[in-house]
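# What the coordinates show
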Amino acid sequence: MLSIYLIARFLPLSLILGRTMGWLVFLLMISLTLASYLEFESLSIYTEKKK
């Protein structure tokens, strides 16, 4: 929540939209989402039973 607040506070929407900075922020968010999902899957104690 702090990172969302900081991005909204210091990077105005006009600076993010349609510029390289916006694409970098977008790619960073996507990569962090995927990495956290994959890490959760590998460390999870809830595994599916494979037949």
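Residue positions are counted from 1 within each chain, in the order its sequence is given. Per-residue local features of the predicted model are confined to residues with pLDDT of at least 70, and side-chain atom pairs are confined, for both listing and counting, to 80 or more; whole-chain, interface and lining totals are unaffected and use all residues. Side-chain numbers come from the whole structure's heavy atoms, not from hydrogens or water.

Another aspect to go through is the overall build of the protein chain. Comment: elements are numbered from the N terminus, with helices defined as DSSP H or I runs of at least four residues and strands as E runs of at least two. The number of helices and strands found in the protein chain is three helices and zero strands. Traced from its N-terminal end to its C-terminal end, the protein chain shows the element sequence α-α-α. Burial status follows relative accessibility: with a 1.4 Å probe on protein chains alone, a residue under 20% of its type maximum counts as buried, one over 50% as exposed, and anything between as partly exposed. Looking at the protein chain residue by residue over its 51 residues, the buried ones come to 10%. Accessible surface, the protein chain: about 5,400 Å² in total, of which carbon and sulfur atoms supply 71%. Only the protein chains shown count as covering a residue, and every accessible area follows the Shrake-Rupley method with a 1.4 Å probe.

Further remarks concern the packing of aromatic side chains. Two numbers describe a pair of aromatic rings. These are the distance of the centres and the angle of the planes. Only the six-membered ring of Trp is used, alongside the rings of Phe and Tyr, when aromatic pairs are assigned; centres must lie within 6.5 Å, and planes under 30 degrees apart are stacked while those over 60 apart are edge-to-face, with the rest tilted. Per the counting criterion, the structure on display carries one aromatic pair. A centroid spacing of 6.1 Å and a plane angle of 85° characterise the contact between W23 and F26, whose relative ring orientation is edge-to-face. Taken as a pair, W23 and F26 lie in helix α3 (residues 20-43) at a separation of three residues, close to a single helical turn. For W23, a relative accessible area of 56% gives the class exposed.

Our next topic: a nonpolar patch on the surface. Patch membership requires more than 30% relative accessible area and the absence of a salt bridge. Residues of like charge join within 9 Å; the nonpolar side chains Val, Leu, Ile, Met, Phe, Trp and Tyr join within 5 Å. Should a side-chain nitrogen of Lys or Arg be within 4 Å of a carboxyl oxygen of Asp or Glu, the pair is scored as a salt bridge. A cluster of nonpolar side chains, W23, F26, L27, I30 and L34, forms an exposed patch at the surface whose accessible area comes to about 550 Å². Structurally, L27 can be placed in helix α3.

We now examine the confidence of the model for the protein chain. Here pLDDT means the predictor's own confidence in every residue, given as a number from 0 to 100. The predicted model of the protein chain averages 77 in pLDDT, with 80% of residues at 70 or higher. Within the protein chain, α3 carries the highest mean pLDDT (82), whereas helix α2 (residues 13-16) carries the lowest (73).

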